[in-house]
Amino acid sequence: DGVAWLVENRSSAGLLGTIAKLVRVHRGYETPLAAVLGTAADAVAADSFGSARSAVQSLKDADGGRAAIVLADWPAPSRRDTGALPGGAHWALDLIDAPARLNGAMTAMLDGVAVVDDLAAALELVTASPALRAVTRAGDLVGAGWVDGGSDRKPSTLEIAGAIETARTELVAAERQVGELTAALAGALAEQSNRQDSAEQALAALNESDAAIAAIY
């Protein structure tokens, strides 16, 4: 894998890291964003075209494989996708958080792409606005005159990173819940112990009272 080779051997040569580590996709939208980005979802980012060109040459010289490289110095164009979308649809660019230096490249790749619920909604949107592209939550992609979809798509590193982050978040939540339940249990046990002590004290007092009464009679 060319990206892995670059990360291991050229990480200090103008490479900023993998897109999976640099770009955060809003939870639940990893699959459609990865489908739109294509090979860029598994890419490494370079600080300039010069660094990217050097990285490609290094891969060729070492027979290190192929790699997609996102350019951090790509000029940021004005967004075209600022209009309203049908209910449930979102602009792809609104579903990511990326470093400022990647804004140009991410805008170039995702501008004009809407994320919709299903293929019917995607076809309807693109038919009405052929300049747009639409991608479904399942990762089917629709453009003017074409559809790309189906099954058996290999998860990208962007999706895997999202799954890991989701699992980490759920683990933290589970650990917090365990802590809360443990504290609640400890409190309940302490309350039970206090009530037992009170009951024993009351019983002892009752026994003393009975003994006192018996002594009188």
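All figures in this text were calculated on a predicted structure; none of them were measured in a lab.

## Focus: the pattern of salt bridges
Across all of its chains, the model carries three salt bridges by this definition. When the shortest N-O distance is used, the salt bridge between aspartate 94 and arginine 79 registers 3.1 Å. Of this pair, aspartate 94 sits in the loop between β5 (90-91) and β6 (96-97) while arginine 79 sits in the loop between β4 (69-71) and β5, and the two are 15 residues apart along the sequence. Judged by relative accessible area, aspartate 94 falls into the partly exposed class, the value being 41%.

## Considerations on the sheet that holds β5
Taken together, the five strands give an open sheet; going across it, the order is β5-β7-β8-β9-β10, and neighbouring strands pair in mixed fashion. Strand pairing shows two members of the sheet lacking a second neighbour, β5 and β10 (146-148), which therefore form its edges. Of the pairings in the sheet, the one linking strand β8 (residues 133-136) to strand β9 (residues 141-143) comprises two bridges and is antiparallel in character. Across the sheet, valine 135 pairs through a bridge with leucine 141, a residue of β9.

## What about the sheet that holds strand β3 (residues 44-46)?
Read across the open sheet, the three strands follow the order β1-β3-β4; overall the sheet is mixed. Whereas interior strands pair on both sides, the edge strands pair on one side only; in this sheet they are β1 (15-18) and β4. On average, each strand axis in the sheet is tilted by 30 degrees relative to the strand beside it, whichever way the strands run. Summarising the sheet, β3 and β4 pair through three bridges and their orientation is parallel. Considered in β4, the bridge of valine 44 is made with isoleucine 69. Helix α1 (residues 2-9) rests against β1, β3 and β4 of the sheet, and its axis sits at about 130 degrees to β1.

Cut-offs used in this document
- Residues numbered from 1 in each chain as written.
- Predicted model: local features only at pLDDT ≥ 70, side-chain atom pairs only at ≥ 80, totals over all residues.
- Heavy atoms only, no water.
- Salt bridge = Lys/Arg side-chain N within 4 Å of Asp/Glu carboxyl O.
- Helix = DSSP H or I, 4+ residues; strand = E, 2+ residues; numbered from the N terminus.
- Buried < 20%, exposed > 50% of the residue type's maximum accessible area, 1.4 Å probe, protein only.
- Pairing = 2+ DSSP bridges.
- Axes fitted to C-alpha atoms, helices over the stretch in contact; angles between N-to-C directions.
- Contact = heavy atoms within 4.5 Å.

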